[in-house]
2 protein chains.
Amino acid sequence: MANNKNNILNLFGDRVRQARVEKKLSQEDLANLADLHRTYIGMVERAERNITLINMNKIAQALDLKLIDLLKNDT
Amino acid sequence: MANNKNNILNLFGDRVRQARVEKKLSQEDLANLADLHRTYIGMVERAERNITLINMNKIAQALDLKLIDLLKNDT
DNA sequence: ATGTGACTTCCAGTCCGTC
DNA sequence: AGACGGACTGGAAGTCACA
């Protein structure tokens, strides 16, 4: 029963956090790079926001990644 | 001519249209499958709306695809 | 450095049409 | 069947104070 509800939000949020920590950035650092607010990054990582495509792309670019890389289940 | 990053909307929209036509679905068919509004599908394909992650996923599932497949430049 | 509730603004998303 | 417009509602965007 693969619930494909908003697990996609968790997947994306987890990926962002993972990539951010790997690059040793704080949420605030990433927020500045992506031109988004500090608290917003936190909310996205916690899957509390249903993020739009443009902001997803901003975050991906700030992390120097392709958007696809933030949506893969399995590397 | 560096394209702005919002080309991601065009990429996604084009991909959706391509996949939809391949499967011989009308916009209305896809809208019903994805539980979204008919006019909205058209807007997304024309890159007129900044779609949210959950709806992107809904459309991908309605097309029997992974979300990643709708974001690839290159098949 | 991050989590959270509250808040306003504005656009994602719907619904009625017409061409 | 699809593009497009006008009007509307709900919710995402964006921010803040404080824990």
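Criteria and cut-off values
Residues numbered from 1 in each chain as written. Chains lettered and ligands numbered in written order. Predicted model: local features only at pLDDT ≥ 70, side-chain atom pairs only at ≥ 80, totals over all residues. Heavy atoms only, no water. UniProt positions renumbered as here; feature names shortened; annotations may be inferred. Helix = DSSP H or I, 4+ residues; strand = E, 2+ residues; numbered from the N terminus. Near = heavy atom within 4 Å. Polar contact = N/O pair within 3.5 Å; in protein donor to acceptor, adjacent residues only side chain to side chain. Core = buried A, V, L, I, M, F, W, Y, C linked by side-chain atoms within 4.5 Å. Buried < 20%, exposed > 50% of the residue type's maximum accessible area, 1.4 Å probe, protein only. Contact = heavy atoms within 4.5 Å.

As annotated in an unreviewed UniProt entry, chain A carries the name DNA-binding transcriptional regulator, XRE-family HTH domain and is attributed to Fodinibius roseus.

A. Molecular detail of the UniProt feature "domain: HTH cro/C1-type" (unreviewed entry) in chain A. Under the feature "domain: HTH cro/C1-type" (unreviewed entry), the UniProt entry names residues 16-70 of chain A. This span, residues 16-70 of chain A, is 60% helix and 0% strand, and a straight line between its end C-alpha atoms measures 7 Å.

B. Inspection of the protein's contact with DNA strand D at higher detail. Around DNA strand D sit 19 residues, and of these Tyr40 and Arg49 of chain A together with Arg17, Arg20 and Gln27 of chain B come closest. Restricting the count to atoms of DNA strand D within 4 Å of the protein gives a sugar and phosphate share of 68%. Between Arg49 of chain A and DNA strand D, the recorded distance is 2.7 Å, taken from a side-chain N or O atom to a base nitrogen. Between Arg17 of chain B and DNA strand D, the recorded distance is 2.7 Å, taken from a side-chain N or O atom to a phosphate oxygen. Counting residues per element, the ones that place at least two in the surface near DNA strand D are helix H3 (38-45) of chain A together with helix H1 (7-22), helix H2 (27-34) and helix H3 (38-45) of chain B.

C. Geometry of the nonpolar core. If you look at the biggest cluster of nonpolar residues, it comprises 51 residues, and the most contacted ones within it are Phe12, Ile59 and Leu71 of chain A together with Phe12, Ile59 and Leu71 of chain B. For this core, the secondary-structure elements that each account for two or more residues are helix H1 (7-22), helix H2 (27-34), H3 and helix H4 (53-62) of chain A together with H1, H2, H3 and helix H4 (53-62) of chain B. Excluding residues within four positions of it along the chain, Ile59 of chain A makes contact with Val16, Leu30, Ala34, Leu36, Ile41, Val44 and Ile51 of chain A.

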